[in-house]
Amino acid sequence: MYEKKDLRVLKIIQKAREFGDLDLCNEILVHQLVNSVFNEIESKEKEELIALLNSLIEAKDKALLSN
């Protein structure tokens with residue numbers, strides 16, 4: 001009768017709404033991300049991914065500050 005919700009997913013969605021991040025307000029997307037199985041990556045790939053994510057965060061911050 002009632003659908004059981006993942007509390008982790010609901011908390012992420014709640015925070016996404018608080019910060020106005022509409023991408024993470026999609027419950028299906030967040031559920032898939034939380035429950036995904038990721039293969040281990042090499043150290044170099046990890047460093048490149050971190051650099052990419054940091055540059056995206058910086059670009060978003062700059063865009064928000066310019067408004």
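Relevant structure appears above.
This report concerns the structure included in the present document. Per-chain numbering applies: the sequence of each chain, read as written, is numbered from 1 onward. Since the coordinates come from a predicted model, pLDDT governs what is reported: local features require at least 70, and pairs of side-chain atoms require 80 or more to be given and counted, while whole-chain, interface and lining totals use all residues. Side-chain descriptors were evaluated using all non-hydrogen atoms of the structure, hydrogens and water having been removed beforehand.

### Quick word on the overall build of the protein chain
- By the criteria applied, helices consist of DSSP H or I runs no shorter than four residues and strands consist of E runs no shorter than two, each listed in order from the N terminus. Tallying secondary structure elements over the protein chain gives three helices and zero strands in all.
- The C-alpha radius of gyration computed for the protein chain amounts to 15 Å, which surpasses the reference 11 Å derived for 67 residues by more than 25%, pointing to a less compact arrangement than a globule.
- Principal-axis analysis of the C-alpha atoms places the extent of the protein chain at approximately 45 × 40 × 15 Å.
- Here the term buried applies to any residue with accessible area under 20% of the maximum for its type, exposed to any over 50%, and partly exposed to those in between, with areas from a 1.4 Å probe on protein chains only. Taken across its 67 residues, the protein chain has 7% of its residues classed as buried.
- Residue exposure ignores everything except the shown protein chains as possible cover, and the areas themselves are Shrake-Rupley values with a 1.4 Å probe. Accessible surface computed for the protein chain: about 6,500 Å², of which carbon and sulfur atoms make up 58%.
- Charge counting follows a simple rule: Lys and Arg are positive, Asp and Glu are negative, and His as well as the terminal groups are ignored. Lys charges are placed at NZ, Arg charges at CZ, Asp charges at CG and Glu charges at CD. Across the protein chain, 10 positive and 13 negative side-chain charges occur, with their mean positions spaced 7 Å apart. We compute the radius of gyration over the C-alpha atoms and compare it with the globule rule, which gives 2.2 Å times the number of residues raised to the power 0.38.

### Concerning a nonpolar patch on the surface
- Only residues whose relative accessible area exceeds 30% and that take part in no salt bridge are eligible for patches, with like-charged residues grouped when within 9 Å of each other and nonpolar side chains (Val, Leu, Ile, Met, Phe, Trp, Tyr) grouped when within 5 Å. Any carboxyl oxygen of Asp or Glu within 4 Å of a side-chain nitrogen of Lys or Arg constitutes a salt bridge here. The grouping of Ile41, Leu49, Leu52, Leu53 and Leu56 at the surface amounts to a nonpolar patch, some 450 Å² of accessible area in total.
- Among the structural elements, Leu53 can be located in helix α3 (residues 43–66).

Scope: geometric values only; no functional claims are made or implied.
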